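Residues per chain are reported as follows:
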Amino acid sequence: MKRDLLEEMRNGVKLTTRDQIKLIFSLSLPAILAQISFVFMEYIDAAMVGQLGANPSASIGLVAPLTWVFFGIMSASVTGFSVQVAQWIGANDGKKARNTFKLGAIVTFTLSFIFCAIGLGIASHVPVWLGGEEAIRGDATSYFGIFMGALPIFLATTFMSGMLRCSGNIRTPSFIHIGICVLDVFFNSLLIFESHDFSLFGLDIHIPCAGLGVSGAATGTVLAELCGGIALLCAIMRKKCALRPVRGEKLTWEPAIVLQATKISIPIAFEHIVLSGALVVTTAIIAPLGAISLAANSLAVSAESICYMPGFGIAEAATTLVGQSIGAKRFDLTKRLSWMCIAFGIATMGVMGALMYAAAPIMFAILTPVGAIQILGIRVLRIEAFAEPLYGAALVCTGSLRGAGDTLVPSLLNLASMWGVRITLSYLLVDSMGLVGIWTAMAIELSCRGCLLLVRVYRKDWSKSLIAESASSKSTPAESAPAESASVESAPAEPTPAESAPAKSAPVEAAPVEV
């Protein structure tokens, strides 16, 4: 019989070093696979748009950082609730976990529609504010507007995926995200290009396409995310899912949980605003350098993500492991698992950085046929390769600390690093070194960020990170009823078949990086 190491951890079973390594790998590898598939999706997307010329690539590169600002804020609201779900499940309190899931859906969706309206209202002004050239403003406005109009769909995928991961089920959302990537490529191939013909075994085949260009790239991604959101909702409604609604179990408004989510989310949202805002500033610094530099920067970011996406995958595993081990009050195991995840992240991204350095010419040959963009992109990408190990440390440290609900200090460290090092150096180096100077500043800043967060983890007292218990103590007596035992892989036991039927409700749209 296959062992459930997460359940053993929650139930106080002693885990050997081999068990711990196996647990980390079992959670990390599906997430890494999903993140790498996302990278290949970006590569193919970028290559498709790149075939249209420098201006379409530059138009996406101009507004992409601002889309990350909005999406980062939405993702932060998800994290505030998903971390608590991880700790409630670690404490074997399935009822609290499901109630936290429902509260999170209400709060995050309300926010998503508010920000959707704001984004649509400013879409036509964004390219002008960012200093984009007249030739790329139309495509940039279209791309940004489509993305912001679909923000609730993107949040639905992020919300349900994050909740499943923190419940301990990383495999399902990971494979669904791989499916999203495949669908994205399929939809984009139909929507970006004009209709065309090709021959197969002597047969002439006509492929009808929409020819929407940059707008087609955005629309294809939205359609893929919509399909993924439906699949994730089906996964949550499965009988084995601990978050599946239980008939007769009503939503309870618990201010303590919402307040705790706010305390966790606000620093993360602030961090995303700071980091993504800095990327917007960086884009504004690059914009006067021309379309070639903008396109090279945009494509280099896509190329670099082959390195840091595995770090995000390991960070997701670290958040789940830290959250559930703290909920189970296995604080000695929390510290050990955290450092093992960090070491795995540094090693993985170090290897990926070396591969990226060697494969940079191949990457850019795939991404764009424009020689000037290739030369500049290869040069800046190789600079960044040297920062990948410490960037891996920064990503996994952040994941570990979030599992403990520690978000304020890491956010302040990121603020100091981004604005004190990257932006300052970018302004100092751009005149003399152009885009190369900006990427040099980026490499130095990522290394500083990794060192700062390593010190934070080293000084962390994990025994003071039990969010679930503190939130429970603030609940009313009715809300603090004895917890039921819930397994991640099995739904809570209900007394009668009637009560075990899934609650009938309309699918709620609830739901990819920090750079």
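Trainee: Could you give me a rundown of the overall build of the protein chain, with the residues and numbers involved?
Mentor: The helix and strand inventory of the protein chain stands at 18 helices and 2 strands. The buried share of the protein chain, taken over its 515 residues, is 58%. Surface summary for the protein chain: the accessible area is close to 20400 Å², and the carbon and sulfur share equals 67%.

Trainee: So, the packing of aromatic side chains: which residues are in play, and what are the values?
Mentor: Scanning all chains against the criterion turns up 8 aromatic pairs. Ring centres of Phe109 and Phe159 lie 6.3 Å apart, and the angle between their planes is 55°; on these two criteria the pair is classed as tilted. Taken together, the positions of Phe109 in helix α4 (residues 94-122) and Phe159 in helix α7 (residues 151-166) put the pair 50 residues apart, joining distant regions of the chain. Here Phe109 falls in the buried class, since its relative accessible area comes to 8%. Consider the rings of Phe186 and Phe187, whose centres lie 5.6 Å apart with planes at 55°: the pair is tilted. We classify Phe187 as buried; its relative accessible area is 17%. Members of the aromatic cluster, joined through ring pairs, are Phe70, Phe115 and Phe144.

Trainee: Please give an account of helix α11 (residues 291-327) that cites residues and values.
Mentor: Turn by turn, an α-helix covers 3.6 residues, leaving residues three or four places apart pointing in a common direction. Here α11 spans 51 Å end to end across 37 residues, near enough to the 54 Å set by a 1.5 Å rise per residue. In the structure, α11 departs most strongly from a straight axis at Ile306, where the bend amounts to approximately 50° and where the proline Pro310 lies between one and four residues downstream. A positive phi of about 60° marks Lys329, the residue just after α11.

Trainee: Lay out the nonpolar core with the relevant residues and their values.
Mentor: The nonpolar side chains of soluble globular proteins are, as a tendency, buried together. Leu23, Phe144, Leu151, Tyr308, Leu321, Tyr391 and Trp439 are the most contacted members of the largest nonpolar core, which has 138 residues in total. Counting residues per element, this core draws most heavily on α11, which supplies 19 residues. In contact with Leu321, not counting residues within four places along its chain, are Leu6, Met9, Leu23, Ile24, Leu27, Leu337 and Cys341.

Trainee: Hey, could you go over the packing of helix α8 (residues 171-191) against helix α9 (residues 214-236) for me, with residue numbers and the actual values?
Mentor: Each packed pair of helices is defined by two parameters, the angle between the axes and the distance between the axes. The geometry of α8 relative to α9 is characterised by a closest axis approach of 8 Å and an angle of 150° between their N-to-C directions. Judged on the interaxial angle alone, α9 and α8 are roughly antiparallel. Considering only the axes of α8 and α9, their crossing is right-handed. Grouping the constituent residues of the contact of α8 with α9 by class yields 13 nonpolar, 7 polar and 2 charged.

Trainee: So, the packing of helix α3 (residues 54-90) against α4: which residues are in play, and what are the values?
Mentor: Orientation of α3 relative to α4, taken along the N-to-C sense of each, is 180°, at an axis distance of 9 Å. Classified by the interaxial angle, the pair formed by α3 and α4 is roughly antiparallel. Considering only residue class, the contact of α3 with α4 consists of 16 nonpolar, 7 polar and 1 charged.

Trainee: Break down unusual backbone geometry for me, citing the residues and quoting the values.
Mentor: Of note, the phi angle at Asn92 is positive, near 60°, even though the residue is not glycine. Summarising the element assignment, Asn92 is placed in the loop between α3 and α4. Judged by relative accessible area, Asn92 falls into the buried class, the value being 18%. If you check the backbone angles, Lys329 has positive phi at about 60° while not being a glycine. Note that Lys329 resides in the loop between α11 and α12 (331-367).

Trainee: Please give an account of the pattern of salt bridges that cites residues and values.
Mentor: Per the counting criterion, the structure on display carries 8 salt bridges. Between Lys460 and Asp406 there is a salt bridge; the shortest N-O distance is 3.3 Å. Here Lys460 is found in the loop between α16 (435-458) and α17 (467-473), whereas its partner Asp406 is found in the loop between α14 (388-403) and α15 (408-433), with 54 residues between them in sequence.

Trainee: Please provide a residue-by-residue account of the side chain of Thr282, values included.
Mentor: Mapped onto the fold, Thr282 is located in helix α10 (residues 255-286). Overall, the relative accessible area of 7% leaves Thr282 in the buried class. Every residue in contact with Thr282, bar those within four places of it in the chain, is listed here: Ile423 and Ile438.

Trainee: An account of the confidence of the model for the protein chain is needed here, citing residue identities and associated values.
Mentor: Looking at the protein chain, pLDDT values average 81 and 86% of them are 70 or higher. Of all the helices and strands in the protein chain, helix α18 (residues 497-500) carries the lowest mean pLDDT, 32, while α16 carries the highest, 93. Per-residue pLDDT stays below 50 along residues 475-515; that stretch engages in 102 contacts with residues further than four places along the chain or on separate chains.

Thresholds applied
Residues numbered from 1 in each chain as written. Predicted model: local features only at pLDDT ≥ 70, side-chain atom pairs only at ≥ 80, totals over all residues. Heavy atoms only, no water. Helix = DSSP H or I, 4+ residues; strand = E, 2+ residues; numbered from the N terminus. Buried < 20%, exposed > 50% of the residue type's maximum accessible area, 1.4 Å probe, protein only. Areas by Shrake-Rupley, 256 points an atom, 1.4 Å probe, with all protein chains shown as cover. Phe/Tyr/Trp six-rings, centres within 6.5 Å; stacked < 30°, edge-to-face > 60°. Expected span 1.5 Å × (residues − 1). Bend = angle between axes of the 7 residues up to and from the residue. Core = buried A, V, L, I, M, F, W, Y, C linked by side-chain atoms within 4.5 Å. Contact = heavy atoms within 4.5 Å. Axes fitted to C-alpha atoms, helices over the stretch in contact; angles between N-to-C directions. Parallel < 35°, antiparallel > 145°, perpendicular 65-115°, else oblique. Left-handed = near helix turned anticlockwise from the far one by under 90°. Nonpolar A, V, L, I, M, F, W, Y, C, P; charged D, E, K, R; others polar. Salt bridge = Lys/Arg side-chain N within 4 Å of Asp/Glu carboxyl O. pLDDT = per-residue confidence, 0-100.

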